[in-house]
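Secondary and tertiary structure notes
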There are 2 protein chains.
Amino acid sequence: MKAAILGVGTELLTGLIRDYNAYFLAQRLVERGVLPQFIIFAPDQIEKIVSALQFIMQEEEIKLVIVSGGLGPTEDDLTREAVARAFNRNLVFNSEAWNKIQFFYRQLRNVEPPENNKKQAFIPQGGEILYNERGTAPGFKLQVEDKNIFVIPGVPREAEFFWSLIEKELPQEEENFYRSPVFKFCGIGESNLAEEVRPFLAYLPSSFNIAFLPNYGEVWLYVYSSNYSLEQKELALLFLDKVAHHLDRFFFTPYGDTLEEAVGNMMKEKGLKLGVAESCTGGLVANRITDVAGSSQYFERGYVVYSNEAKKEDLEVPEEILKEKGAVSEEVARFLAQSVRRKGKVDLGLGITGIAGPGGGSEGKPVGLVYIALASEDDIIVQKFHFSGDRLMNKRFASQSALTMVFQCLKEKFDL
Amino acid sequence: MKAAILGVGTELLTGLIRDYNAYFLAQRLVERGVLPQFIIFAPDQIEKIVSALQFIMQEEEIKLVIVSGGLGPTEDDLTREAVARAFNRNLVFNSEAWNKIQFFYRQLRNVEPPENNKKQAFIPQGGEILYNERGTAPGFKLQVEDKNIFVIPGVPREAEFFWSLIEKELPQEEENFYRSPVFKFCGIGESNLAEEVRPFLAYLPSSFNIAFLPNYGEVWLYVYSSNYSLEQKELALLFLDKVAHHLDRFFFTPYGDTLEEAVGNMMKEKGLKLGVAESCTGGLVANRITDVAGSSQYFERGYVVYSNEAKKEDLEVPEEILKEKGAVSEEVARFLAQSVRRKGKVDLGLGITGIAGPGGGSEGKPVGLVYIALASEDDIIVQKFHFSGDRLMNKRFASQSALTMVFQCLKEKFDL
């Protein structure tokens, strides 16, 4: 089955709010084998909502439409009116819905509902009310031609509740669309990955498409199909396995893990521990590592040595080195990595120093220059990077490179 | 002027990727007075991209169309073909574009470009190449009827670069839609804020709408209008000023700053310095503070004391306290805050300890319990929180509460 999602709300079009509902609904639909063909955001204007609905109605393959947002009690909530107009129906007052809204107010807020909430009890003729357990706005369901249309509130918590109602009405076995697990790679670029994959393409059934997705220093690879046999699906998974095996050095997960999760699993498996000393990344590496549940098993401590005093006092970087080589230097990265490894009594110590920008650059040491050192029992690796993004991008890419170095070290040294 | 944004990529429709580009572009367009009327996501399928483009072409008001994504070198990148088909044009090889791609590879990667990059040098007939300074995929510009169509890559860093090119071609003065600056508040909930604002609503011209937007522990307030006089606009801004003045204790910016930026500006103004010792937030507070350019002026150092050893060795938390009170306790938060203040020789020391979850909770100390201490010269404030989200939400809300405490302390103690 194919679906469309229409998000209503001017705030989605002015960039005030980054969409969450459509993203959430798309994930849930795909899990149920239903592929959204279009996601559309329209402003709180009747004609625009109508015109988006008309576009969706023209798409033959689409059988399920979810409209989210614009069901509130205020003047700019126009989705009810727009849906009624798009399908030439009157808005009809539903007294049971009004009772529930009144009940909600009396029960939870101890007040009578304001008069403007009454409009929430109107739904297009022929529609079926869907009651809201997390707020006042009821949703509704409408059958138009061969399409099932669900109209639900835009508040994420409420939209999530309505998904549980929509889900119940989906047919049980939907297998029109299949997306494979995402195979994630780090330390290799998109074109190079594509080049490496090419010789294997003969193994991928022609009913499957392949997708490469560069993602902040990672490349994600998956295959998908809208029309496949079970045998073809197995061949497609075999193809992915072949590719992963061939590119083992760069391949870190088929399970949807983040790089920090994958690295964490490797460390847990070998009982290893890690400490981090960061300057230009300012805590981002520690933050990413500790985003993973259970990271206290392998993450021992971190230092954010932003000032030179902190570098000297906490991690014993010698004054002379800071003077002669500067805080952003290969030597300082080495000291940071070795000191945090020693102080934390850990297996791996990461040291990061660089210039995130926009200020602080010079001719010899431009913004984006970053040294990352990784100390292990018997050696220390230092890499020099030159990133060309803004401050947040430079921090992001530096943290990514640091985690990639840990990943590669674990692969090579610890037989993972 | 009205615009439409078309994001191309199956990953946007399967919930694999949460859109960033359309969100970013919408923000930039609105800042320039151009209101996106529709944002559409279409999959990597030629017919779907064509059908979305045809829908957009029917919308008379729309004069600017930005198509983002699907320009990569791999087989699933079909935007060039789809645009050519939608407007009945041939794809033409552009040798200068190919030279640039080759140059990019040779210069930055020291290799010849893979053969599949060659397709990136094809653009629809009549199009004008737009060169990419951050990647290999060129974009292009096409005039169709009265619409300017920009087709740009989907990699966020690259899309941001192309925005700088698009921006140059926008007309200077556009004033169809006005959204006021967003007035941001922390330390007060949405309904309380709405309650406080109510008495001032009489000052807001009726041509303006008001919006309250709860956002991870902040509440954002703004007004907007599609049809207003200059006098009404001034009155609307005056209304916001009155509200901000009335709620000064909670109001942190009308300039779009993040809370960490606002706090940073306050510290710079008073020449104050800050140090952070975090356990359960794992570096997130330091990371947020150092996301701000120039934060090295007031952020001295941070500790991520994840293990008890780190708490003892780096911040002198006594063994007895850890044993008797536990690592998650008011006492430990106090030690962390005071020790980092003393070690960093800073004005303010933040100490955070808690249980981010999902593991580590107990009956007396459930997941989500967090103590935050803020030490200043003459006293120390400790607050106890109980958050009820998942791990990332608990980290996020704890960091938000910590920054809110710094904000409130600066307001009260330092006459800001």
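Residues numbered from 1 in each chain as written. Chains lettered and ligands numbered in written order. Predicted model: local features only at pLDDT ≥ 70, side-chain atom pairs only at ≥ 80, totals over all residues. Heavy atoms only, no water.

1. A closer look at the nonpolar core
Counting 73 residues, the largest nonpolar core has Leu 6 of chain A together with Leu 6 of chain B as the members making the most contacts within it. With near-sequence residues (within four places) excluded, Leu 6 of chain A lies in contact with Ile 40, Ala 42, Ile 49, Ala 52, Leu 53, Ile 56, Ile 66, Val 67 and Ser 68 of chain A. By size, the runner-up hydrophobic cluster in this structure holds 49 residues, among which are Ala 22 and Ala 26 of chain A together with Met 1 and Leu 25 of chain B. (Core = buried A, V, L, I, M, F, W, Y, C linked by side-chain atoms within 4.5 Å. Buried < 20%, exposed > 50% of the residue type's maximum accessible area, 1.4 Å probe, protein only. Contact = heavy atoms within 4.5 Å.)

2. Structural notes on empty space enclosed by the protein
For the coordinates displayed, the defined rule picks out two cavities of 30 Å³ or more. In this structure, the largest cavity occupies an estimated 70 Å³ of space. Taken together, Leu 12, Ile 17, Arg 18, Asp 19 and Phe 41 of chain A together with Asp 19, Ala 22, Tyr 23 and Ile 39 of chain B make up the lining of the largest cavity. For the lining of the largest cavity, a count of residues per class yields six nonpolar, no polar and three charged. Taken as a whole, the second largest cavity holds about 50 Å³ of empty space. Asp 19, Ala 22, Tyr 23 and Ile 39 of chain A together with Leu 12, Ile 17, Asp 19 and Phe 41 of chain B are the residues that line the second largest cavity. For the lining of the second largest cavity, the class distribution of residues is six nonpolar, no polar and two charged. (1 Å grid on protein atoms, 1.4 Å probe; cavity = no way out; pocket = protein on both sides within 12 Å on 5 of 7 lines; lining within 4 Å. Points joined across faces, edges and corners; volume = space filled by probe spheres on them. Nonpolar A, V, L, I, M, F, W, Y, C, P; charged D, E, K, R; others polar.)

3. Some thoughts on the packing of helix α3 (residues 46-58) of chain B against helix α4 (residues 79-86) of chain B
Residues and elements named next belong to chain B. Where α3 contacts α4, the axes come no closer than 9 Å and their chain directions differ by 50°. Taken together, the axis directions place α3 and α4 in an arrangement best described as oblique. By crossing handedness, the relation of α3 to α4 is classed as right-handed. Taken together, the residues of α4 that come into contact with α3 (itself represented by Ile 46, Ile 49, Val 50 and Leu 53) are Thr 79, Glu 81, Ala 82, Val 83, Arg 85 and Ala 86. Residue classes in the contact of α3 with α4 are distributed as seven nonpolar, one polar and two charged. (Axes fitted to C-alpha atoms, helices over the stretch in contact; angles between N-to-C directions. Helix = DSSP H or I, 4+ residues; strand = E, 2+ residues; numbered from the N terminus. Parallel < 35°, antiparallel > 145°, perpendicular 65-115°, else oblique. Left-handed = near helix turned anticlockwise from the far one by under 90°.)

4. Regarding the pattern of salt bridges
The full count for this structure, using the stated rule, is 49 salt bridges over all chains. Among the salt bridges present, the one from Arg 106 of chain A reaches Glu 112 of chain A, with a minimum N-O distance of 2.7 Å. Judged by its relative accessible area of 40%, Arg 106 of chain A is partly exposed. In the salt-bridge network here, residues are joined through shared partners; they are Glu 300, Arg 301, Lys 343 and Lys 345 of chain A together with Glu 313 and Asp 314 of chain B. (Salt bridge = Lys/Arg side-chain N within 4 Å of Asp/Glu carboxyl O.)

5. Regarding the pairing of strand β11 (residues 209-215) of chain B
Residues and elements named next belong to chain B. In terms of strand pairing, β11 meets strand β12 (residues 218-225) through seven bridges, oriented antiparallel. Each residue of the ladder has a partner; that of Ile 210, found in β12, is Val 223. Hairpin connection between β11 and β12: a loop of two residues separates the two successive antiparallel strands, and Tyr 216 in this loop has a positive phi of roughly 50°. (Pairing = 2+ DSSP bridges.)

6. Thoughts on the interface of chain A and chain B
Counting residues at the interface gives 86 residues for chain A, matched by 83 residues for chain B. In total, about 7000 Å² of surface goes out of reach between chain A and chain B, with carbon and sulfur atoms giving 54% of it. Connecting chain A to chain B are 14 salt bridges. Between Lys 48 of chain A and Glu 61 of chain B there is a salt bridge whose closest N-O contact spans 3.2 Å. Counting every contact that joins chain A to chain B gives 47 residue pairs in polar contact (both at pLDDT 80 or more). Of the residues belonging to the side of chain A that touches chain B, the class tally is 44 nonpolar, 21 polar and 21 charged. (Buried area = accessible area lost by both parts, 1.4 Å probe. Polar contact = N/O pair within 3.5 Å; in protein donor to acceptor, adjacent residues only side chain to side chain.)

7. Considerations on the sheet that holds strand β2 (residues 35-42) of chain A
Spatial ordering of the open sheet is given by β6(A)-β7(A)-β8(A)-β3(A)-β1(A)-β2(A)-β2(B)-β1(B)-β3(B)-β8(B)-β7(B)-β6(B), a layout of 12 strands whose pairing is mixed. With partners counted over all chains shown, the strands left at the sheet margins are β6 (128-130) of chain A together with β6 (128-130) of chain B, one partner each. The sheet shows a mean angle of 20° between the axes of neighbouring strands, direction not considered. Both strand β1 (residues 2-8) of chain B and strand β3 (residues 62-68) of chain B contribute to a ladder of six bridges, which runs parallel. Within β3 of chain B, the position partnered with Leu 6 of chain B by the bridge is Val 67 of chain B. The strands that helix α2 (residues 21-31) of chain A touches are β1 (2-8), β2, β3 (62-68) and β8 (147-152) of chain A; relative to β2 of chain A, the one it contacts most, it runs at about 170°.

8. Side note on the packing of helix α3 (residues 46-58) of chain A against α3 of chain B
Put simply, α3 of chain A and α3 of chain B touch, their axes get as near as 11 Å, and they point 145° apart. The chirality of how α3 of chain A crosses α3 of chain B is right-handed. Contacts from Ser 51, Ala 52 and Phe 55 of chain A in α3 of chain A reach Ser 51, Ala 52 and Phe 55 of chain B in α3 of chain B.

9. A few points about helix α6 (residues 156-168) of chain B
Along an α-helix, residues three or four apart share an orientation, since each turn contains 3.6 residues. If you check α6 of chain B, its first and last C-alpha atoms are 19 Å apart, about what 13 residues at 1.5 Å a residue would give, namely 18 Å. Counting buried residues in α6 of chain B gives 10 out of 13 residues, a clear majority hidden from the surface. Every buried residue of α6 of chain B is accounted for by Pro 156, Arg 157, Glu 158, Ala 159, Glu 160, Phe 161, Phe 162, Trp 163, Leu 165 and Ile 166 of chain B. Structurally, α6 of chain B contributes buried residues whose contacts are with α14 (391-413) of chain A together with α2 (21-31), β3, β6, β7 (139-144) and β8 (147-152) of chain B. (Expected span 1.5 Å × (residues − 1).)

10. Describing unusual backbone geometry
It is generally the case that most residues other than glycine have a negative phi and that most peptide bonds are trans. Residue Pro 358 of chain A is reached from Gly 357 of chain A by a cis peptide bond, and omega for that bond is 0°. When you line up the elements, Pro 358 of chain A lands in the loop between β16 (348-354) and β17 (369-375). Phi at Asn 88 of chain B is positive, roughly 50°, even though this residue is not glycine.

11. Quick look at the packing of aromatic side chains
This structure, assessed with the given rule, holds 35 aromatic pairs over all chains. On the basis of an interplanar angle of 20° and a centroid distance of 5.3 Å, the ring pair of Phe 183 of chain B and Phe 251 of chain B is categorised as stacked. In this pair, Phe 183 of chain B is assigned in strand β10 (residues 183-186) and Phe 251 of chain B in strand β13 (residues 251-253), connecting sequence segments 68 residues apart. No difference in accessibility class separates Phe 183 of chain B from Phe 251 of chain B, as the two residues are buried. Ring centres of Phe 385 of chain B and Phe 387 of chain B lie 5.4 Å apart, and the angle between their planes is 10°; this geometry places the pair in the stacked category. Note on accessibility: Phe 385 of chain B and Phe 387 of chain B belong to one class, buried. In this structure an aromatic cluster arises from ring pairing among Phe 38 and Phe 55 of chain A together with Phe 38 and Phe 55 of chain B. Here the guanidinium or amino end of Arg 396 of chain A rests over the ring plane of Tyr 216 of chain A, the centre of that ring lying 5.2 Å away. The ring of Trp 220 of chain B carries Lys 184 of chain B above its face, with NZ or CZ at 4.4 Å from the centroid. (Phe/Tyr/Trp six-rings, centres within 6.5 Å; stacked < 30°, edge-to-face > 60°. Lys NZ or Arg CZ within 6 Å of the ring centre and 35° of its normal.)

12. Description of the domain arrangement of chain A
Looking at the assigned domains, one finds that chain A contains domain 1 (2-168), domain 2 (178-253) and domain 3 (270-413). When each unit is reduced to the centre of its C-alpha atoms, the spacing between domain 1 of chain A and domain 3 of chain A is 48 Å. (Domains from an automatic or database assignment.)

13. Side note on helix α9 (residues 259-270) of chain B
Residues and elements named next belong to chain B. For α9, with 12 residues, the first-to-last C-alpha span of 17 Å sits near the 16 Å given by 1.5 Å per residue. If you follow the buried residues of α9, they end up packed against β10, β12, β13, β14 (274-278), α10 (284-290) and α14 (391-413). Directly beyond the C-terminal end of α9, a positive phi value near 65° is found at Gly 271.

14. Points about the sheet that holds strand β15 (residues 299-304) of chain A
Taken together, 10 strands build an open sheet; the order of strands is β18(A)-β17(A)-β16(A)-β14(A)-β15(A)-β15(B)-β14(B)-β16(B)-β17(B)-β18(B) and the sheet is mixed. A single partner strand is all that each edge strand has here, and the edge strands are β18 (380-386) of chain A together with β18 (380-386) of chain B. Direction aside, neighbouring strands of the sheet carry axes that sit 10° apart on average. Relative to β16 of chain A, strand β14 (residues 274-278) of chain A runs parallel, the two being bridged by five bridges. Directly across from Glu 278 of chain A, in β16 of chain A, lies its bridge partner Ile 352 of chain A. Against the sheet, α14 of chain A engages β16, β17 and β18 of chain A, with an angle of about 30° to β17 of chain A.

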